[in-house]
Amino acid sequence: MVSTDFSAALRAPAHPQAKPGYGKRSAPDQLPRTGADFAHLRTREAAIAAYIDRLTEGAAIGYKALAANIADYGQQACAKSLKFLSEAGHLRLVKEHLAVADNSLRWVTRTYFSRTSRDDEWWKAYVAGLRGVDLTGLDRDRDQEGKRDRDRPAEAPAPTPPAPTVAYRTLARLGRTEPRMTLSAAECAALESLAAQWLARGATPDHLTRSLTTGLPHPLHSPGAIARKRLESKMPPEPYQAPTHITRAVMLCIGCEEPETVVTLIGGVCVECREEMEAYDAAESKGLVIDAIPDTFRAVPAQREVARRADELRAAAGLKARPIPRPTHGDFARPLPRNGVADLVRGAE
């Protein structure tokens, strides 16, 4: 494997966040970051792993989001790389069943990432230990951490002065809305922590500006004193978040997203998706590049399509095709047509 330092990979401050409760989750007890964390991987997987490693908690790390923000690789390359990163012990796709205080229930799907490679036994023990975990403050703390990371200026090669915070900028711009509320730099710095509390409790900069500039007394002698009094006396309440805990957690195949209760997972990848990975490896070793078939053009069910796709790749690489496994239950649990997959595809058209 190449030993390339990917520490200079893009930090991607503009990378999108997933929906609340979804997205990237960092596994615990990882080793400190070094320049050779992913040297055991191929160049493509190492670059994508280094990119994911630097994303904030809750970032969207599906193959579409990655492809849209990594210039060198498309959706197919990112989708394949996620499978290989799972096999190498860096990723696991986990479906969690959540219960909140109002007795509502919901499922969320998270992608757990570990810079330090873990084996199957470690991941199984970790996922099993998620049951009963209280997420009441955990997600909120991670969201705040992600917000701080997004607001932090991008890393630069030379030391630069820190950029003003949103709270400071909002205070400094009060005079544009109401000239009588123009604050000095010292006053903005002294009131910054109070304004930051407003924003942390859900207030927007516009809300904060209106609260500090409307209904002012006449005459107004001290804008700094007025701002402090209003920031303290009109402070919004802390947002209420219903207690949330995990009642069940199940690992999913990183490729087809089938749960471990239905398929056998090895390295976070089911048998069929693993065969597809092997076929891709064989095809790429022969210099073949085969694009994926979009889901919207599938003529057969997703599970059967994976095996069929693997056979196409093996044929292109000059390898012997393997028989397509038959489902044992569900709508497609019926004998294969006499002419095999060809008849099945024609029947589905």
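Higher on the page you've got the structure.
Since this is a predicted model, take the numbers as computed values, not measurements.

Participant: Give a detailed account of unusual backbone geometry, specifying residues and quantitative values.
Facilitator: Residue proline 219 is bonded to the preceding histidine 218 through a cis peptide linkage, with omega at -5°. Of note in the backbone geometry, aspartate 29 takes a positive phi value of approximately 55° without being a glycine. Looking at the secondary structure, you find aspartate 29 in the loop between strand E1 (23-26) and helix H1 (43-53). Overall, the relative accessible area of 68% leaves aspartate 29 in the exposed class. Residue glutamate 257 is not a glycine yet carries a positive backbone phi of 65°. Among the secondary structure elements, glutamate 257 is positioned in the loop between strand E4 (244-252) and strand E5 (265-266).

Participant: An account of the packing of helix H8 (residues 185-200) against helix H9 (residues 205-213) is requested, with residue identities and associated values reported.
Facilitator: At a closest axis distance of 9 Å, the pairing of H8 and H9 adopts a crossing angle of 125°. Classified by the angle between their axes, H8 and H9 sit oblique to one another. Here H8 runs over H9; the crossing is right-handed. Across the interface between the two elements, Ala195, Trp198 and Leu199 from H8 touch Pro205, His207, Leu208 and Ser211 from H9.

Participant: Which residues make up H1, and what are the values?
Facilitator: Along H1, ten of the eleven residues are buried, which leaves the element largely enclosed by surrounding structure. Taken as a whole, H1 has its buried residues at Arg44, Glu45, Ala46, Ala47, Ile48, Ala49, Ala50, Tyr51, Ile52 and Asp53. Where H1 is buried, its residues contact E1, helix H2 (63-69), helix H3 (75-87), strand E3 (105-113) and helix H11 (271-285).

Calculation criteria
- Residues numbered from 1 in each chain as written.
- Predicted model: local features only at pLDDT ≥ 70, side-chain atom pairs only at ≥ 80, totals over all residues.
- Heavy atoms only, no water.
- Helix = DSSP H or I, 4+ residues; strand = E, 2+ residues; numbered from the N terminus.
- Buried < 20%, exposed > 50% of the residue type's maximum accessible area, 1.4 Å probe, protein only.
- Axes fitted to C-alpha atoms, helices over the stretch in contact; angles between N-to-C directions.
- Parallel < 35°, antiparallel > 145°, perpendicular 65-115°, else oblique.
- Left-handed = near helix turned anticlockwise from the far one by under 90°.
- Contact = heavy atoms within 4.5 Å.

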